[in-house]
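# Overview (structure and organization)
Each chain is listed here by its residues.
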Amino acid sequence: MPADPLPAADPLASHPESLGPVRVAALYRFTPFADIAAIKPPLAALCCAQGVKGTLLLAAEGINGTIAGTDAAIDTVLAHIRALPGCAALDVKDSRAGTMPFHRMKVRLKREIVTMGEPDIDPLGDVGRYVEPGDWNALIADPDTIVIDTRNDYEVAVGSFAGAIDPKTRSFRDFPAWFREHRDQLVGDGPPPKIAMFCTGGIRCEKSTAFLKAEGLDEVYHLKGGILKYLETVPEAESLWEGECFVFDQRVAVGHGLAPGTHGLCHACRMPVSPADRASPLYVEGISCPACHDARDATQRAGYAERERQMRLAEARGQTHVGAVLPQTHADDDRDTPSPSS
């Protein structure tokens, strides 16, 4: 069983208030829960009482999600979660936002906290070797290392490590089939290669590395803390990251130092849009973008236009329109159904 990761000494030390007054905590922990139905009500009530918003997933295998609120409120909720069975070493990635990135609080019961669809994979049993962000560059720069981005295609399009393989999956549940289909091409008949994998916050790699270990590969590594920890701790001048990192909240993407990125969100298809996408004649705010324009008919675009109009009217009244479209948190992504820490 892998050793528990050590808690960060000061998770907010590199996030000055100038990056925003709202604390955003992406968290996960694989641990057996005997009764998730009993855990949900007090956790949901505490989050609401503290004004915390976001999504938390509970499953028999643990907890996963992203929440946002004041520093004190997040501290209170995290203390409650850490008191749950096996959660003392909860993995948390902190960042800041200028405004609340979620509209509501949801605590949901799921079969998996990150959906791979491989019931025999046990992240508490045998996973890949953790690699600290400061050691990651040396590993992936080694020509004998195969580097795989385990995220979905729309996330990879926003940014990735130079030279990483993009599986072009639409859902994390597609990853096992992709690997099995390309195993011979990736691994070959020679000595087993080193395989380094990464994801947004580390949770998907807990399962993807466990999956590769179950497939008989031993030299399997993953980036501890994920891309978010790398961007937080590795100086930009030394970074091998290219682009921005997609996140599942209203910030849409972050860059080095976890500063807000330049991507927005298409409210029609919920895909990230770059500054170049927004300059396209196919982009109409709230209605279409280059990725979805040809996939929507006039009736659908008219519906999106009315929703956008109602949202603007609600915004002018200082209200949140019930039809407002939010990015899916990893915890809420039905294509991926993992989490936030992803």
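This text follows the structure it describes.
Residues numbered from 1 in each chain as written. Predicted model: local features only at pLDDT ≥ 70, side-chain atom pairs only at ≥ 80, totals over all residues. Heavy atoms only, no water.

## Some remarks on the sheet that holds strand β4 (residues 91-97)
Paired through backbone hydrogen bonds, the strands of a sheet run either parallel or antiparallel to each other. In space, the 5 strands of this open sheet follow the order β4-β1-β3-β2-β5, with mixed pairing throughout. The sheet is open, and its two borders are formed by β4 and β5 (105-109), each paired with just one other strand. Within the sheet, the average angular offset between the axes of one strand and its neighbour, ignoring direction, is 10°. Where strand β2 (residues 53-59) meets β5, 5 bridges bridge the pair, whose relative direction is parallel. Bridge pairing in β5 links Leu 56 to Val 107. Across the sheet, helix α1 (residues 36-49) is in contact with β2, β3 (62-69) and β5; its angle to β5 comes to roughly 175°. (Pairing = 2+ DSSP bridges. Helix = DSSP H or I, 4+ residues; strand = E, 2+ residues; numbered from the N terminus. Axes fitted to C-alpha atoms, helices over the stretch in contact; angles between N-to-C directions. Contact = heavy atoms within 4.5 Å.)

## Let's talk about the side chain of Thr 209
Along the polypeptide, Thr 209 turns up in helix α6 (residues 203-214). Looking at Thr 209, its side chain comes within polar contact range of the main-chain oxygen of Cys 205, at 2.6 Å. Discounting chain neighbours no more than four positions away, the residues touching Thr 209 are Val 127, Gly 128, Met 197, Val 220, Tyr 221 and His 222. (Polar contact = N/O pair within 3.5 Å; in protein donor to acceptor, adjacent residues only side chain to side chain.)

## A closer look at empty space enclosed by the protein
The final tally for this structure, using the stated rule, is 2 cavities of 30 Å³ or more. In this structure, the largest cavity spans a volume of roughly 130 Å³. In this structure, the largest cavity is lined by 16 residues; those nearest its centre are Ala 26, Ser 95, Leu 228, Val 247 and Arg 251. Looking at the lining of the largest cavity, its residues break down into 9 nonpolar, 3 polar and 4 charged. (1 Å grid on protein atoms, 1.4 Å probe; cavity = no way out; pocket = protein on both sides within 12 Å on 5 of 7 lines; lining within 4 Å. Points joined across faces, edges and corners; volume = space filled by probe spheres on them. Nonpolar A, V, L, I, M, F, W, Y, C, P; charged D, E, K, R; others polar.)

## Thoughts on the packing of aromatic side chains
Each aromatic ring pair is summarised here by two numbers: the centre-to-centre distance and the angle between the ring planes. The final tally for this structure, using the stated rule, is 13 aromatic pairs. Their ring planes at 90° and their centres at 4.8 Å tell us that Phe 161 and Phe 198 sit as a pair that is edge-to-face. Separated by 37 residues along the polypeptide, Phe 161 in strand β8 (residues 159-161) and Phe 198 in strand β9 (residues 194-198) bring together distant segments of the chain. In terms of burial, Phe 161 and Phe 198 fall into one category: buried. (Phe/Tyr/Trp six-rings, centres within 6.5 Å; stacked < 30°, edge-to-face > 60°. Buried < 20%, exposed > 50% of the residue type's maximum accessible area, 1.4 Å probe, protein only.)

## Topic: α6
Residues that lie three or four places apart on an α-helix share one face, since the helix turns once every 3.6 residues. Here α6 is 12 residues long and its end C-alpha atoms lie 17 Å apart, about the 16 Å a rise of 1.5 Å per residue gives. Summarising burial for α6: 11 of the 12 residues are buried, a large majority. (Expected span 1.5 Å × (residues − 1).)

## Re the sheet that holds β9
One open sheet holds the 4 strands; their spatial order is β6-β10-β9-β7, and the pairing between them is parallel. The open sheet has two edge strands with one neighbour each: β6 (129-131) and β7 (145-149). The average angle at which neighbouring strand axes cross in this sheet is 30°, direction not considered. Inspection of the sheet shows β6 paired to strand β10 (residues 220-223) by 3 bridges, in the parallel sense.

## With respect to the environment of Arg 129
Tracing the backbone through its elements, the reader meets Arg 129 in strand β6. Between the alpha carbons of Arg 129 and Thr 209 there is a distance of 8.5 Å; along the sequence they are 80 residues apart. The residues touching Arg 129, leaving out its near neighbours within four places in the chain, are Asp 218, Glu 219, Val 220, Tyr 221 and His 222.

## Details of the pattern of salt bridges
Scanning the entire structure with this criterion turns up 22 salt bridges. Asp 153 is paired through a salt bridge with Arg 170; the nearest N and O atoms lie 3.4 Å apart. Linking Asp 153 in helix α4 (residues 153-156) with Arg 170 in the loop between β8 and α5 (175-187), this pair joins segments that are 17 residues apart in sequence. Of the charged contacts, one joins Lys 229 and Glu 232 as a salt bridge, the two residues approaching to 3.1 Å between their closest N and O atoms. Taken together, the residues Lys 229 and Glu 232, both in helix α7 (residues 226-233) and 3 residues apart, mark about one turn of the helix. On the basis of relative accessible area, Glu 232 is assigned to the buried category, the value being 16%. Taken together, the shared-partner salt bridges connect Asp 126, Arg 129, Lys 213, Asp 218 and Glu 219 into one network. (Salt bridge = Lys/Arg side-chain N within 4 Å of Asp/Glu carboxyl O.)

## Focus on the state of the cysteines
A full pass over the atoms with the stated rule returns 0 disulfides. Here Cys 199 is not cross-linked by a disulfide; its sulfur's nearest cysteine counterpart is in Cys 205, at 3.5 Å. (Disulfide = S-S within 2.5 Å.)

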